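Single-letter residue listing:
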Amino acid sequence: MGASGVAKTATVFGAGGQLGYAVASVLAERGWSVSALRHEQVDVADLPQVEEALRAGRPDVVVNCAGVLRHKFLEREGEGWAVNSYAPAAIGLALEHCSLTTVPYVHVGSLMSRGPVDRYSWSKWLGELSAKAACPEARIVQVEWVYGTEGHNENWVLRVLQRARSGQPVS
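Quick caveat: nothing in here was measured; it's all calculated off a predicted structure. (Residues numbered from 1 in each chain as written. Predicted model: local features only at pLDDT ≥ 70, side-chain atom pairs only at ≥ 80, totals over all residues. Heavy atoms only, no water.)

Looking only at helices and strands, the chain features six helices and five strands. The order of α-helices and β-strands along the chain, N terminus first, is β-α-β-α-β-α-α-β-α-β-α. Counting the 171 residues in the chain, one finds 39% classified as buried. Within the chain, contacts between residues at least 6 apart in sequence are counted, and of these 66% link residues at least 24 apart. (Helix = DSSP H or I, 4+ residues; strand = E, 2+ residues; numbered from the N terminus. Buried < 20%, exposed > 50% of the residue type's maximum accessible area, 1.4 Å probe, protein only. Contact = heavy atoms within 4.5 Å.)

Shown next, in the form of structure tokens:
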């Protein structure tokens, strides 16, 4: 809670993913009022939808954890470019359009964006650039791997354990 005793508010895009879920959970545990938005609720590459979400939430901070993972990027490259590259700019532009330019914006990128070597890592790098272009004050957090204990469907460690327990090949 803030000094006034009023709960701070956060909008977390990508809350259906492992990292977004964890960020939203930690903020809520610490007393924040969290608008945890999943892809089914807001298409982060759709500027009007992002603006609507920000107007509804009037957040004190915005965290973008939305992204298309490497293995899914290869299957759905068009969506991957939109979410990984364009959406970070859309969020920054939406903050400006909603007169929320003083709201801190944190974009979660990838260490793979350092020296991109394939289309996926290029998409992540361009997302970081587009976030900064649209919102120069944006903070970029680069992560490499995310592990957790929640039973999220994208949790690689839990997937490997489930396969091993069921006698399936682990690869």
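Read on, since the account is not over.
The tally for this structure, following the rule as stated, stands at four salt bridges. In this structure, Glu51 and Arg55 form a salt bridge, with 4.0 Å as the shortest nitrogen-oxygen distance. Here Glu51 and its partner Arg55 are both found in helix H2 (residues 47–57), four residues apart, which amounts to about one turn of the helix. The class for Glu51 is buried, based on a relative accessible area of 12%. Residue classification places Arg55 among the partly exposed residues on the basis of a relative accessible area of 44%. (Salt bridge = Lys/Arg side-chain N within 4 Å of Asp/Glu carboxyl O.)

Both the distance between ring centres and the angle between the ring planes are used here to describe each pair of aromatic rings. Under the criterion given, the structure shown has three aromatic pairs. Residues Trp122 and Trp125 carry aromatic rings whose centres are separated by 5.0 Å and whose planes lie at 80 degrees to one another, so their mutual orientation is edge-to-face. Placement of both Trp122 and Trp125 in helix H5 (residues 119–134) is noted, with a separation of three residues, approximately one turn of the helix. Take Trp122: its relative accessible area is 38%, and that puts it in the partly exposed class. Ring-pair connections join several aromatic residues into one group, and the members of that group are Phe73, Trp81 and Tyr120. (Phe/Tyr/Trp six-rings, centres within 6.5 Å; stacked < 30°, edge-to-face > 60°.)

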